[in-house]
Amino acid sequence: MPAKKCDFPEGALRIRFQPGTRNYRQRNPMKIIHSIREMQAEADRMRANGLRIGFVPTMGFLHEGHLSLIREAGRRADRVVVSIFVNPTQFGPNEDFAAYPRDFERDRKLSEAEGADVIFSPAAEEMYPAGHCTHVDVDGLTETLCGASRPGHFRGVTTVVTKLFTAVKPHVAVFGQKDAQQAAVIRRMTADLNLDVEIVVAPIVREADGLAMSSRNVYLSPSEREDATVLRQSLLAAEDLFRKGERDASVLIRSVRSMISSKPSARVDYVSLADPGTLQPIDEARSGALLAVAVFIGKTRLIDNLILP
Ligand code: AMP
């Protein structure tokens, strides 16, 4: 671990204790950066000072899941950059880009309290100026699961993550297992393009009743919120069948589907048992396989998954 630099005025000093990892972190007040050039210059300064940069890309409206990623980045790096960018190119024409919840002031406070050093929050025109026509496509992996029902979604994700990486210049980037396919696609892309970024995938953070935290949960009415617990419950029931010896993927999938269909507001988008690396469907359940679901609860599309034990 490189020596920490003290490059801030007295009084601006924030000292935080990170249990179990680095001891005291000495930091400047959190910066908010909107321009790519400025972000790159800040990254260059951190790198010149021998500081390891941890990065957490988000679309904002932060919840405990995002905050767990910020903490994970803090354990693995000297400085943490959180990006807040609702990326228009990963939303389909009939999806919720305009309605997507946004609250920058709240995100700012939460990020700062979690020890983030920089919020990078570019405008859409900064990321995609007029004439922008370069994209990053990952084949195969992006055609199954969410890729099948959200055409173009992953092209938007891989393009924006590449652009965020070139702006933030991180040593390590932390993603959530909640978006298992996204994590697999980003891993593949990073390897294929020789991007010099370590990819870390952190566990899913859940509400007390098991619902995976998501910025989209705010869309749910009280009765939908209740129905939404079926995603986790159906996955756990299938896991239980697997533990008891069931290996037929179609049986596990049928079990998940029928539990979900018992909820009035729920409509299955997909249920899949897949290889966790290639994301291709498998017929025989095995330890380490990815069981993933996407479900519309009313108009809200939610996803969840688990790795078979
Ligand atoms: P989003 O803001 O939805 O684009 O998510 C930003 C990052 O947070 C992604 O890497 C997600 O996988 C991750 N994330 C979202 N929800 C959770 C959760 N409940 N637990 C852990 N990570 C999450």
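Presented here is an overview of the structure given in this document.

**Here's the deal with the pairing of strand β7 (residues 172–176)**
Part 1: In terms of residue burial, β7 counts as a mostly covered element, since five of its five residues are buried.
Part 2: As judged from the two bridges shared by strand β4 (residues 53–58) and β7, these two strands associate in the parallel manner. Bridge pairing links G54 to V172 in β7.
Part 3: As judged from the five bridges shared by β7 and strand β8 (residues 198–202), these two strands associate in the parallel manner. Among the inter-strand pairings, A173 is bridged to a residue of β8, identified as I199.
Part 4: Crossover connection from β7 via helix α7 (residues 180–192) to parallel β8: handedness right-handed.

**Concerning the packing of aromatic side chains**
Part 1: All told, the structure shown has four aromatic pairs when counted by the stated rule.
Part 2: Consider the rings of F85 and Y128, whose centres lie 6.3 Å apart with planes at 40°: the pair is tilted. With F85 in the loop between β5 (79–84) and α3 (104–113) and Y128 in the loop between α4 (124–127) and α5 (145–149), this pair connects stretches of sequence that are 43 residues apart. In this structure, F85 and Y128 share a single accessibility class: buried.
Part 3: Among the aromatic residues, those joined into a ring-pair cluster are F91, F97 and Y100.
Part 4: Sitting above the plane of the F61 ring, R106 keeps its charged end 5.1 Å from the centroid.
Part 5: If you follow R247 out to its NZ or CZ, it ends over the ring of F242, 3.9 Å from the centre.

**A few points about the sheet that holds strand β11 (residues 300–307)**
Part 1: Taken together, the three strands give an open sheet; going across it, the order is β9-β10-β11, and neighbouring strands pair in antiparallel fashion. Each having just a single partner strand, β9 (266–274) and β11 make up the two edges of the open sheet. Neighbour-to-neighbour, the strand axes of this sheet turn through a mean angle of 15°, independent of strand direction.
Part 2: Summarising the sheet, β9 and strand β10 (residues 290–297) pair through eight bridges and their orientation is antiparallel. Residue pairing across strands places R267 opposite F296, the latter belonging to β10.
Part 3: Its contacts with the sheet put helix α9 (residues 230–243) on β10 and β11, and the angle it makes with β11 is roughly 25°.

Cut-offs and rules
- Residues numbered from 1 in each chain as written.
- Predicted model: local features only at pLDDT ≥ 70, side-chain atom pairs only at ≥ 80, totals over all residues.
- Heavy atoms only, no water.
- Buried < 20%, exposed > 50% of the residue type's maximum accessible area, 1.4 Å probe, protein only.
- Helix = DSSP H or I, 4+ residues; strand = E, 2+ residues; numbered from the N terminus.
- Pairing = 2+ DSSP bridges.
- Right-handed = clockwise from strand over helix to strand, strands pointing away.
- Phe/Tyr/Trp six-rings, centres within 6.5 Å; stacked < 30°, edge-to-face > 60°.
- Lys NZ or Arg CZ within 6 Å of the ring centre and 35° of its normal.
- Axes fitted to C-alpha atoms, helices over the stretch in contact; angles between N-to-C directions.
- Contact = heavy atoms within 4.5 Å.

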